[in-house]
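# A look at the structure
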Amino acid sequence: MTNYFDDQLLREIESKIDIVELISENVSLNRRGNRYWGLCPFHQEKTPSFSVSREKQMFYCFGCHAGGNIFSYLMKRDGLEFKEALEMLAAKAGVELAVSKSKKNQDLHKQMIAINNAAAEYFQQQLQSANGRQAREYLAQRGISQETIAAFNLGYAPNEWQALTDYLLRKGYSLELVKNSGLIKRNDNQERYYDLFRDRIIFPITQYNRDVLGFGGRALGDNMPKYLNTAETDIYSKRKNLYGLTQAREEIRSRNEVILVEGYMDCIKLQQSGIINVAASLGTSLTEEQASLLHRYAEKAIILYDGDEAGQRETMRAIEILRRQDLRVEVIVLPAGKDPDDFVEKYGKEGFWHYIQNNTYSHIEYKLNRYINTNPSTRLDLDTKTRIIAQLKEDINSSGSVVEKEHYIKILARKLRLEEIVVAREIRSGRTAGVRNKTGIIRDNNKYGKYGIQEKILAAMLNDENTFVKVRARIGINFFANPDYKTLANIFDQLQEGKEDKMHEMSRIAAEEGLEAVFARISMIMEEQNLEDREVEEFIKRVEIKKAEAAWNKVMKNIDTLSDRGDFNSALTFILNLDKLVNANPEGGIKQ
Ligand SMILES: [Zn+2]
């Protein structure tokens, strides 16, 4: 991902920004030994397992296994793309970026944001003015507080044809720019432009730094459609943004979960009542881009759509989209006819939490219930049962643990009134292997200080080129059972030997392979624990013995086969060639 930017530039930025200072902006860090520690900003915890190394310029969390360098930190903290993180850090470091985007485009981009910010300001003034009386009454009647109006920069577009255009022109923006902003529309018959939003409550859609990218507007009177969005512009795409994310992202990140709702009001009302980790999909069906954006902040999404049939149909779609982005998905089912806004209005935050405790389903359970409930006859025939199992098979097979699989098989058996063993057999038949977590992060048994021998060996190999060469000569580098370690060892192997600052290049390539967190962990081990030569030697011996055993088993099997056949000549030739066979080491994946 860093391909277009030269390494020199990245290094210059890195040399000017200290990771400890950067992280201290929002995490309070304490020094312990040669490392800094604090409460992890990426998951909730009471004792610090978030560790920062000034020497390595890396961070790693021993609780949730997030890790990387200054760029990955900022990407994760602010939900940025690499390019955006680079721009922010370059500006901080005072380094000039010569990116491909022309100066003119950059200026245009800035002007577009400026005009949107100006329009948002105008709408806010209007809401507080005499024009906005009805709008204020409407918001009050919907239970929206003054604080919430301020937090979401809510506004009002008056019922006039050119008020906004005039305002923006007076502010000195060119007509050309106002046209590009999507805030005005051309009249079909005449050569005239008019304001897109008229007599509407305005919901500004912001990006991470609260700059306004576009708007949503809800009709106050009978104007159709009820909801209207800024058309696609150079800076705004409905597919790629989520409403409420700017306000909610801290909370989403620290809870590592997001509640996904359909409407602006749902989002605002939930956040107002203290349920902060909420975002809305801007009145459209959820898109792949939105799901991917969410995955930058959290690993789990809880879908909370309206209780009506349309809402439930959209839920089924959203499950698939979120699953494709590798999010864990749960669904809260509201009583029929209720939307989240009504619900939280009526029962409050406590009632809401109480309700979701009893009405949240895993996506698999949700799908199962829906398949069963939408089936016309109450008596499920065998065909239907088989079809339902087939529809859930992939989900169940790709669910995490054996315990989880068994759990679903049990539910499925009970609901379909079948024997568990039959359901289990059906689920397992012709299954495909489970998908590996995209993050490549190993989730079990690797707390602070509890390192496995393979990662310690890898750390020793990367720490000292001589150790690397020795291990490679004796047992190769493909013995790692963990595919990520194998990849890291191979990356290191391909880098020029004895090259200065090899670790820096290693870190960059690891990030391109999506292995920055694993690499950060290995770097931490390099810093705090180093194997002695004796321990490396013991490890090599153990692997050699395993390889010899594997080769020997193969030999014995062959001899058995040949002697069973009574093929004396072949057996003899085979024995004469034994030496060659025993030394032909099988490569790869030997478990320690
Ligand atoms: Zn963490």
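All values derive from a computational prediction rather than experimental measurement.

This part is about the sheet that holds strand 16 (residues 360-362). In spatial order, the strands read 13-12-14-15-16; together these five strands make up an open sheet with mixed pairing. Edge positions in the sheet fall to strand 13 (278-280) and strand 16, since each has one partner strand and no second. Between one strand axis and the next, the sheet turns through 30° on average, direction left out of account. As judged from the three bridges shared by strand 12 (residues 257-261) and strand 13, these two strands associate in the parallel manner. When the bridges of strand 13 are listed, Ile259 appears paired with Val278. Most of the contacts of helix 15 (residues 363-373) go to strand 16, to which it runs at about 95°, and overall it touches strand 15 (328-332) and strand 16.

On to the pairing of strand 2 (residues 35-38), then. Burial along strand 2 is two-sided: Arg35 and Trp37 and Tyr36 and Gly38, pointing in opposite directions, are all buried. Where strand 1 (residues 30-32) meets strand 2, three bridges bridge the pair, whose relative direction is antiparallel. In the strand pairing of strand 2, Arg31 is matched with Tyr36. Hairpin connection between strand 1 and strand 2: a loop of two residues separates the two successive antiparallel strands, and Gly33 in this loop has a positive phi of roughly 65°. When strand 2 meets strand 3 (residues 50-53), the two strands line up antiparallel, connected through three bridges. Bridge assignment links Trp37 to a residue of strand 3, and that residue is Ser51.

Our focus in this paragraph is the pairing of strand 3. The side-chain alternation of strand 3 yields two buried faces, one formed by Phe50 and Val52 and the other by Ser51 and Ser53. Counted along the chain from strand 3 to the antiparallel partner strand 4 (residues 58-61), the turn is four residues long, and its residue Gln57 has a positive phi close to 55°.

Here we take up the sheet that holds strand 5 (residues 67-68). In space, the five strands of this open sheet follow the order 1-2-3-4-5, with antiparallel pairing throughout. Each edge of the sheet is formed by a strand with only one pairing partner; in this case those strands are strand 1 and strand 5. In terms of strand pairing, strand 3 meets strand 4 through four bridges, oriented antiparallel. Each bridged residue has a counterpart across the sheet, and for Phe50 the counterpart in strand 4 is Cys61.

Surrounding the zinc ion are the protein donor atoms Cys40 (SG), His43 (ND1), Cys61 (SG) and Cys64 (SG), at 2.1 to 2.3 Å. Coordination geometry of the zinc ion: the four donor atoms subtend angles of 102 to 119° at the metal centre, consistent with an arrangement described as tetrahedral. Within one chain, the residues serving as donors to the zinc ion are arranged as C-x2-H-x17-C-x2-C. Each member of the pair, Cys61 as well as Cys64, is classed as buried.

Evaluation of the coordinates by the stated rule reveals 37 salt bridges. The residue Glu455 makes a salt bridge to Arg521 at a minimum N-O spacing of 2.9 Å. With a gap of 66 residues between them, Glu455 in helix 19 (residues 453-463) and Arg521 in helix 23 (residues 516-528) connect regions that are remote in the sequence. By relative accessible area, which is 1% here, Arg521 ends up buried. Several salt bridges share partner residues, and in doing so they unite Glu25, Arg77, Asp78, Lys92 and Arg249 into one network.

The next point concerns helix 11 (residues 264-272). The element helix 11 is largely enclosed, with a buried count of eight among its nine residues. Listed as buried for helix 11 are Tyr264, Met265, Asp266, Cys267, Ile268, Lys269, Leu270 and Gln271. Two residues or fewer after helix 11 comes Gly274, characterised by a positive phi angle close to 100°.

Right, let's talk about the domain arrangement of the protein chain for a bit. Size of an interface, as often reported, equals the accessible area lost when the parts are brought together. For the protein chain, the assigned domains read domain 1 (7-93), domain 2 (103-236), domain 3 (245-362), domain 4 (375-428) and domain 5 (538-583). Using C-alpha coordinates to define each centre, domain 1 is positioned 45 Å away from domain 4.

For the rest of this paragraph, the subject is empty space enclosed by the protein. Which parts of space are left empty comes out when a probe the size of a water molecule is rolled across the atoms. If you walk through the whole model with that rule in mind, you get five cavities of 30 Å³ or more. Of the voids in this model, the second largest cavity is the one considered here, and its volume is about 80 Å³. Forming the walls of the second largest cavity are Phe152, Asn153, Pro204, Ile205, Thr206, Leu242, Tyr243, Gly244, Leu245, Thr246 and Gln247. When grouped by side-chain class, the residues that make up the lining of the second largest cavity number six nonpolar, five polar and no charged.

Once that is clear, we can look at the nonpolar core. The biggest cluster of nonpolar side chains holds 62 residues, and the ones touching the most others in it are Phe123, Leu139, Leu154, Phe197, Phe215 and Tyr243. Shared between two domains, this core takes at least three residues from each, and those domains are domain 2 (103-236) and domain 3 (245-362).

Another point: the environment of Glu147. Here Glu147 shows up in helix 7 (residues 146-151). A polar contact of 3.3 Å, which involves the side chain of Glu147, links it to the side chain of Ser145.

Here we come to the side chain of Arg249. Note on placement: Arg249 falls in helix 10 (residues 245-255). If we ignore the near neighbours within four places in the chain, the residues touching Arg249 are Arg77, Asp78, Tyr208 and Tyr297.

Another aspect to go through is the packing of aromatic side chains. Given two aromatic rings, one states the distance between the centres and the angle between the planes to describe the pair. Summed over all chains, the structure comprises 29 aromatic pairs. A centroid spacing of 6.5 Å and a plane angle of 50° characterise the contact between Phe50 and Tyr73, whose relative ring orientation is tilted. Of the two residues, Phe50 is situated in strand 3 and Tyr73 in helix 3 (residues 70-78); the sequence distance between them amounts to 23 residues. Overall, Tyr73 belongs to the buried group, its relative accessible area being 0%.

Before going further, it helps to examine helix 23. Its 13 residues give helix 23 an end-to-end C-alpha distance of 18 Å, which sits within 8% of 18 Å, the value for a rise of 1.5 Å per residue. Counting buried residues in helix 23 gives 11 out of 13 residues, a clear majority hidden from the surface. Listed as buried for helix 23 are Ala517, Val518, Phe519, Ala520, Arg521, Ile522, Ser523, Met524, Ile525, Met526 and Glu527.

How each quantity is defined
- Positions within a chain are numbered from 1, following the residues in the order the chain's sequence is written.
- It should be noted that, the model being predicted, local features are given only for residues of pLDDT at least 70 and side-chain atom pairs only at 80 or more, the latter also being counted only at that level, while totals for whole chains, interfaces and linings use all residues.
- Each side-chain value is worked out from all heavy atoms of the structure, with water and hydrogens disregarded.
- At least two bridges found by DSSP between two strands are what make those strands a pair.
- Helix and strand definitions follow DSSP, with helices as H or I runs of at least four residues and strands as E runs of at least two, each counted in order from the N terminus.
- Interaxial angles span 0 to 180 degrees and are taken between N-to-C directions of axes, which are lines fitted to C-alpha atoms, for helices over the stretch in contact.
- It only takes one pair of heavy atoms within 4.5 Å for two residues to be counted as in contact.
- For every residue, the accessible area obtained with a 1.4 Å probe (protein chains only) is divided by the maximum for its type, and the residue is called buried under 20%, exposed over 50%, and partly exposed between those limits.
- Each metal site is built from N, O and S donor atoms within 2.8 Å (3.2 Å for Na, K and Ca), and since water is not included, such sites may look incomplete.
- Here the metal geometry follows the donor angles, with tetrahedral for four donors whose angles all fall between 85 and 135 degrees, square planar for four and octahedral for six when opposite donors are more than 155 degrees apart and every other angle is between 65 and 115, and irregular for all the rest.
- One speaks of a salt bridge when a side-chain nitrogen belonging to Lys or Arg is within 4 Å of a carboxyl oxygen belonging to Asp or Glu.
- In this entry, domain limits derive from an automatic or database-based domain assignment.
- Here a cavity means grid points, on a 1 Å grid over the protein atoms only, where a 1.4 Å probe fits yet cannot get out; a pocket means an open set of points with protein on both sides within 12 Å along at least five of seven lines; lining residues are those with an atom within 4 Å of a point.
- Grid points are joined across faces, edges and corners, and a volume is the space filled by probe spheres set on the points.
- Under the grouping applied here, Gly and all other residues not named as nonpolar or charged are polar, the nonpolar ones being Ala, Val, Leu, Ile, Met, Phe, Trp, Tyr, Cys and Pro and the charged ones Asp, Glu, Lys and Arg.
- Remark: nonpolar core denotes a set of buried residues (Ala, Val, Leu, Ile, Met, Phe, Trp, Tyr, Cys) joined through side-chain atoms within 4.5 Å.
- N or O atoms within 3.5 Å of each other form a polar contact, as long as, within protein, one can give a hydrogen and the other can take it, and as long as residues adjacent in sequence are counted only when both atoms are side-chain atoms.
- The pairing test for Phe, Tyr and Trp rings, Trp by its six-membered ring, is centres within 6.5 Å, and the orientation test on the planes gives stacked under 30 degrees, edge-to-face over 60, and tilted for anything in between.
- In a helix, the anticipated span is given by 1.5 Å times the number of residues less one.

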